[in-house]
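The chain contents come next:
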Amino acid sequence: MISTTSSTAEMVTQGKLQISADNVEDKNTSRQGCFGWLLVIISMVFIAATFPITLFMCIKIVKEYERAVIFRLGRLADRRPKGPGLFFVLPCTDNFVKVDLRTVSFDIPPQEILTKDSVTVSVDGVVYFRIHCPISSVANVSNAHSSTRLLAQTTLRNVLGTKNLAELLSDREGISLSMQESLDEATDPWGIKVERVEIKDVKLPQQLQRAMAAEAEATRESRAKIIAAEGEMKASRALKEAALVIAEAPSALQLRYLQTLNSIAAEKNSTIIFPLPIDMLQGFMQKK
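Criteria and cut-off values
Position labels on residues start from 1 in each chain and follow its written sequence. Where local features are concerned, this predicted model is filtered to residues with pLDDT of at least 70; where side-chain atom pairs are given and counted, the filter is 80 or more; whole-chain, interface and lining totals use all residues. For side-chain calculations, the full set of non-hydrogen atoms in the structure is used, while hydrogens and water are omitted. Between any two strands, at least two bridges found by DSSP are needed for them to pair. Think of it this way: any DSSP run of H or I at least four residues long counts as a helix, any run of E at least two long counts as a strand, and we number them from the N terminus. Each axis is a line fitted through C-alpha atoms, taken for helices only over the stretch in contact, and angles between the N-to-C directions span 0 to 180 degrees. Residues are treated as being in contact if the distance between any of their heavy atoms lies within 4.5 Å. Only protein chains enter the accessibility calculation, which uses a 1.4 Å probe; a residue whose area is less than 20% of its type maximum is buried, one above 50% is exposed, and one in between is partly exposed. Only buried residues count toward a nonpolar core. Its members are Ala, Val, Leu, Ile, Met, Phe, Trp, Tyr and Cys residues joined through side-chain atoms within 4.5 Å.

Which residues make up the sheet that holds strand S6 (residues 104-114), and what are the values?
Across the sheet, which stays open at both edges, the three strands sit in the order S6-S7-S8 with antiparallel pairing between neighbours. Either end of the sheet is taken by a strand with one partner, and the two such strands are S6 and strand S8 (192-203). On average, each strand axis in the sheet is tilted by 25° relative to the strand beside it, whichever way the strands run. Sheet topology places S6 next to strand S7 (residues 120-131); nine bridges connect them, and they run antiparallel. Paired with Asp107 across the bridge in S7 is Val126. Relative to the sheet, helix H5 (residues 144-160) contacts S6, S7 and S8, its axis offset from that of S6 by approximately 35°. Seen against the sheet, helix H7 (residues 172-187) touches S6, S7 and S8 and runs at an angle of roughly 145° to S8.

Below, the structure written as structure tokens:
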């Protein structure tokens, strides 16, 4: 009980320290200092002195799908990005970075992965993501797009390394969803939202492909033999029932004999038939 209380107290203390540190950072970010304000005032005086000329340097435009993150003397000028449309910057103290908010897609290069059941496969995929927080994508990571590409490759290896070959071939949707959740959680501090992850192709070794094809062919052959055996069994039962019916009516055998002769004659072949009355055979059958 004492240990639980102490751990809870430590967590609360760490949370308070983190919150206070964030507040101090926000205050320090918004504070420029005396020298900073002096440079800002000098820049404004310079703009006023050369107003018609510096007007084109102060007004910037960003498109509907873009946002501008402004830095004033190396610090964030505002906690909200500017745009879309017109915005104002100081030519001497401000610089800005444009961020594209449209969805971006990239291909994951083929990765040689060892599955859980020790099978080497080559897997590639595609990732769709967009930037939902321009300030985080600029201030928290040097290159958000490149970092997301590298993280997608390592995530693909880590996720597929815990799956066996059967799961990899049959549960692509579940693997894609697991990768999306992992990537989205890892890239959230960078201001990136992973919208979709898809597994494109799974390439198996040639030896494994031949082995799987032989296994599938053997399975099909065994099923075909079972079906043929079942058909023969059903046919033998039907012949047995027909023989019992013919034995009950002797005239039925004569009709069957004539029907067989008719079917042979209809084929127009060179078969020579010598009809033999069945009544002549009844004497031999009675002697037996």
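Past the structure itself, the notes keep going.
With reference to specific residues and values, describe unusual backbone geometry.
In this chain, Gly83 is followed by Pro84 through a cis amide linkage whose omega measures 0°. Residue placement: Pro84 occurs in the loop between strand S3 (75-76) and strand S4 (85-88). Of note, the phi angle at Leu73 is positive, near 55°, even though the residue is not glycine. On the secondary structure map, Leu73 appears in the loop between strand S2 (66-72) and S3. Residue Leu73 is classed as partly exposed on the basis of its relative accessible area of 33%.

Can you lay out the sheet that holds S3 for me, pointing to particular residues and giving the numbers?
The three strands lie next to each other as S3-S2-S5, forming an open sheet whose pairing is antiparallel. For this open sheet the edge positions go to S3 and strand S5 (94-100), each flanked by a neighbour on one side alone. Pairing geometry for S2 and S5, over seven bridges, is antiparallel. Following the sheet pairing, Glu66 is matched in S5 by Asp100.

Outline the nonpolar core, listing residues and values.
Residues Val121, Val123, Val127 and Leu156 are the most contacted members of the largest nonpolar core, which totals 31 residues. Going through the elements one at a time, S2, S6, S7, H5, helix H6 (165-170), H7 and S8 are the ones with two or more residues in this core. Non-local contacts of Val127, meaning those with residues more than four positions away in its chain, are made with Val104, Ser105, Phe106, Ile108, Ala152, Leu183, Val194, Arg196 and Val197.

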